[in-house]
Amino acid sequence: MDVKKGCPVVTEIPYTAELSAIVPRRKMVKSPVPSKVDDAIVNGWIEAMRCSSPPRKKKNGPDHSPSIDVDCEFRSWQAKCPSALTSFDKIMMHAEGRKIALFLDYDGTLSHIVDDPDKAVMTKKMRAAVKDVAKFFPTAIVSGRSRDKVFEFVKLTELYYAGSHGMDIMVPEIGSTNKKVDNLFQPASEFLPMMDEVFRFLIESTKGIEGCKVENNKFCVSVHYRNVDEKDWNLVVQYVNNVAKVYPKLRVTHGRKVLEIRPLIDWDKGKAVEFLLESLGLTNSETVLPIYIGDDRTDEDAFKVLKKRNCGYGILVSSVPKETDAVFSLKDPSEVMAFLRLLVRYKKRQSLNNEEN
Ligand SMILES: O=P(O)(O)OC[C@H]1O[C@H](O[C@H]2O[C@H](CO)[C@@H](O)[C@H](O)[C@H]2O)[C@H](O)[C@@H](O)[C@@H]1O
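If you're wondering where the values come from, they're calculated on a predicted model, not measured in any experiment.

What counts, and at which threshold
Residue positions are given per chain, counting from 1 as you read along its sequence in written order. Given that this is a predicted model, residues contribute local features only at a pLDDT of at least 70 and side-chain atom pairs are listed and counted only at 80 or more, while totals for whole chains, interfaces and linings are drawn from all residues. Derived side-chain values reflect all non-hydrogen atoms in the structure, with water molecules and hydrogen atoms excluded from consideration. The working definition used for a salt bridge is a side-chain nitrogen of Lys or Arg within 4 Å of a carboxyl oxygen of Asp or Glu. Strands are runs of DSSP state E lasting at least 2 residues, helices are runs of H or I lasting at least 4, and numbering of each runs from the N terminus. Relative accessibility thresholds used throughout: buried, under 20% of the residue-type maximum; exposed, over 50%; partly exposed, between the two (1.4 Å probe, protein chains only). Definition of nonpolar core: a set of buried residues of the types Ala, Val, Leu, Ile, Met, Phe, Trp, Tyr and Cys, connected through side-chain atoms within 4.5 Å. Whether two residues touch is decided by their heavy atoms; if any such pair falls within 4.5 Å, the residues are in contact. Residue-level confidence of the predictor is what pLDDT reports, using numbers from 0 through 100. For each structure, a 1 Å grid was placed over the protein atoms alone; sets of points admitting a 1.4 Å probe that cannot get out are labelled cavities, open sets with protein on both sides within 12 Å along at least five of seven lines are labelled pockets, and lining residues have an atom within 4 Å of a point. Grid points are joined across faces, edges and corners, and a volume is the space filled by probe spheres set on the points. Ten residues, namely Ala, Val, Leu, Ile, Met, Phe, Trp, Tyr, Cys and Pro, are considered nonpolar, four, namely Asp, Glu, Lys and Arg, are considered charged, and the remaining ones, Gly among them, are considered polar. Any pair of Phe, Tyr and Trp rings, taking the six-membered ring for Trp, is counted once the centres come within 6.5 Å. Such a pair is stacked with planes under 30 degrees apart, edge-to-face with planes over 60 apart, and tilted for the rest. An expected span of 1.5 Å times one less than the residue number is assigned to each helix. In this description, the arc belongs to the directions extending from the helix axis to the C-beta atoms. Nearness is defined per residue: one heavy atom within 4 Å of the molecule or strand is enough. N or O atoms closer than or at 3.5 Å make up a polar contact, with two conditions inside protein: a donor-capable atom paired with an acceptor-capable one, and, for residues adjacent in sequence, both atoms drawn from side chains. Residue burial considers only the protein chains on display, and all accessible areas are found by Shrake-Rupley using a 1.4 Å probe. Those molecules having more than half of their atoms within 2 Å of a cavity or pocket grid point set are described as sitting in that cavity or pocket.

## Digging into the pattern of salt bridges
- All chains considered together, the criterion is met by 17 salt bridges.
- Linking Glu230 and Arg50 is a salt bridge whose minimum nitrogen-to-oxygen distance equals 2.5 Å. Here Glu230, found in the loop between strand S7 (221-224) and helix H9 (233-246), pairs with Arg50, found in helix H3 (residues 36-51); they are 180 residues apart in sequence, far enough to count as distant.
- By relative accessible area, Glu230 is classed as partly exposed at 39%.
- By relative accessible area, which is 41% here, Arg50 ends up partly exposed.
- A salt bridge links Asp232 to Lys231; the shortest N-O distance between them is 3.6 Å.
- Relative accessible area serves as the criterion here: at 15%, Asp232 is assigned to the buried category.

## Brief notes about unusual backbone geometry
- Despite not being glycine, His165 has its phi angle at roughly 55°, a positive value.
- You can see His165 is positioned in the loop between strand S3 (160-163) and strand S4 (168-174).

## Examining the nonpolar core
- Of all hydrophobic cores here, the largest spans 57 residues; its most connected members are Phe103, Leu202 and Leu276.
- At eight residues, H9 tops the list of elements feeding residues into this core.
- Discounting chain neighbours no more than four positions away, the residues touching Phe103 are Ala140, Val142, Val273, Leu276, Leu277, Pro290, Ile291, Tyr292 and Ile293.
- Judged by nonpolar contacts, the second largest core, of 39 residues, contains Ile91, Leu110, Val133 and Val154.

## Thoughts on the confidence of the model for the protein chain
- Residues at a pLDDT of 70 or more form 83% of the protein chain, whose mean pLDDT is 87.
- Note that pLDDT drops below 50 for residues 1-33; the model gives that stretch 61 contacts with residues more than four away or on any other chain.
- This complex was scored by the predictor with a pTM of 0.87 and an ipTM of 0.99.

## As for empty space enclosed by the protein
- The final tally for this structure, using the stated rule, is one cavity of 30 Å³ or more.
- When its volume is computed, the largest cavity comes out at roughly 370 Å³.
- If you trace the largest cavity, you find 28 residues lining it, with Asp107, Ile113, Arg145, His224 and Val258 closest to the centre.
- Of all the elements in the fold, those that place two or more residues in the lining of the largest cavity are strand S6 (213-216), S7 and strand S9 (258-263).
- For the lining of the largest cavity, a count of residues per class yields six nonpolar, ten polar and twelve charged.

## Notes on the packing of aromatic side chains
- Under the definition given, this model contains 13 aromatic pairs.
- Judged by centre distance (5.6 Å) and plane angle (80°), the rings of Phe88 and Phe339 are edge-to-face. Remark: Phe339 occurs in helix H12 (residues 333-356) and Phe88 occurs in helix H5 (residues 88-95); sequence separation between them is 251 residues. The pair formed by Phe88 and Phe339 is uniform in burial state, with each residue classed as buried.
- With centroids separated by 6.3 Å and ring planes inclined at 70°, the aromatic side chains of Trp267 and Phe275 adopt a geometry described as edge-to-face.
- Among the residues examined, Trp267 registers a relative accessible area of 13% and is labelled buried.
- An aromatic cluster of three or more residues is present, and its members are Phe88, Phe339 and Tyr346.

## A few points about helix H6 (residues 124-136)
- Taking 1.5 Å of rise per residue, the 13 residues of H6 would be expected to cover 18 Å, and the 19 Å separating its terminal C-alpha atoms lies within 8% of that figure.
- Of all the residues in H6, the buried ones are Met126, Arg127, Ala129, Val130, Val133 and Ala134. Seen from one end, H6 has its buried residues packed into an arc of 160°, which puts them on one side. In this structure, H6 carries Lys124, Lys125 and Lys135 as exposed residues pointing more than 90 degrees from its buried face.
- The inward-facing, buried residues of H6 contact strand S1 (99-104), strand S2 (139-142), helix H7 (147-154) and H12.

## What to know about the environment of Ser329
- When you line up the elements, Ser329 lands in strand S12 (residues 328-330).
- The sequence separation of Ser329 and Phe88 amounts to 241 residues, and the corresponding C-alpha distance is 11 Å.
- With residues near it in sequence (within four places) discarded, Ser329 still touches Trp77, Gln78, Cys81, Pro82, Ser83, Ala84, Ile315 and Leu316.

## With respect to the site of the ligand
- Val114, Glu215, Arg226, Arg256 and Glu260 are the nearest of the 22 residues found near the ligand.
- With respect to the ligand, the side chain of Glu215 contributes an N or O atom lying 2.6 Å from an oxygen atom.
- At 2.5 Å, a side-chain N or O of Glu260 approaches an oxygen atom of the ligand.
- For the ligand, whose free accessible area comes to 570 Å², the fraction covered by protein is 99%.
- Given that more than half its atoms are within 2 Å of the pocket grid, the ligand belongs to the largest cavity.

As structure tokens, then:
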């Protein structure tokens with residue numbers, strides 16, 4: 001199929017010589033006519049993609065007056081999901097006598113969202129803030145990216161890392177010799193060859209779609225449409241849907257202008273948080289207060305876990321109102337950095353007070 005010539009419907013996954021080596025042909029050939037079910041799925045996804053891409057907030061209305069509606073809407077949302085900065089003292093009251101455990105998402109939380117996923121670097125100031133906070137509180141990065149890739153961005157060895165939406169967790173453990181040994185937990189390890197196949201396949205099949213980027217996140221393949229013209233979104237969706245049909249053991253989730261294909265297992269960022277709390281001996285809600293900061297739909301799984309366990313706080317990073325299971329909010333990564341600095345200041349003050357008493 002020649003995407004450039006504008007063929008509107010993708011009905012068959014291109015079957016190249018290279019792909020024939022990794023996927024049996026009978027698996028790849030699809031019916032030339034998409035079924036009604038396919039149409040419904042594709043339309044549903046495109047609708048969801050449009051809804052999750054609201055038009056950017058305009059500073060002024062059409063008559064050059066400030067866009068009061070947008071600000072009002074945000075403020076009334078903040079009444080339900082208050083700023084973690086203005087509610088800092090309240091959060092710390094709950095932290096009294098408890099150890100804070102910190103969970104941080106990466107993209108959109110520690111780094112700003114940018115067009116090119118490879119360029120989503122963290123500022124030096126943010127790295128310093130995370131480094132400081134990790135001196136006082138056990139801190140983990142929980143990301144949709146592969147563990148290696150997110151480590152390349154963060155570059156802090158003192159943190160715990162959960163990559164691939166929590167499907168790849170490294171927890172340093174003190175071994176019997178008192179030496180630190182790395183303990184790897186990969187609940188979807190048997191999916192690795194399949195994910196590799198899917199990655200190679202999607203790279204090949206979407207290469208005619210301008211702006212489309214396929215990222216290998218080890219236990220998850222991310223198909224970015226941020227830079228794809230909206231009229232071509234249906235092509236992206238159809239390729240991803242075809243993959244989901246060929247591989248029923250995989251599922252598709254939506255992120256920020258990204259469709260992600262991952263193993264259909266009962267595991268997500270929420271489960272990863274529970275796993276980390278257990279591994280680090282931090283399950284007692286009387287003595288531990290977990291705080292999870294994230295911006296994405298996938299972070300909602302972690303917010304839900306904290307809510308259900310009634311043991312900590314989810315903080316959603318968003319500058320627009322969103323439905324969320326988080327209790328507090330922060331507008332953007334710069335507010336996240338301010339919150340981390342407040343945590344450090346609070347801890348330092350607390351230590352000083354303890355010394356004086
Ligand atoms: O769980 P996260 O650490 O938030 O990772 C989620 C996905 O983040 C990245 O994509 C998002 O950020 C990109 C860079 O700002 C942006 O270009 C893209 O549109 C966003 O979806 C990352 O590239 C994905 O692999 C992660 O799954």
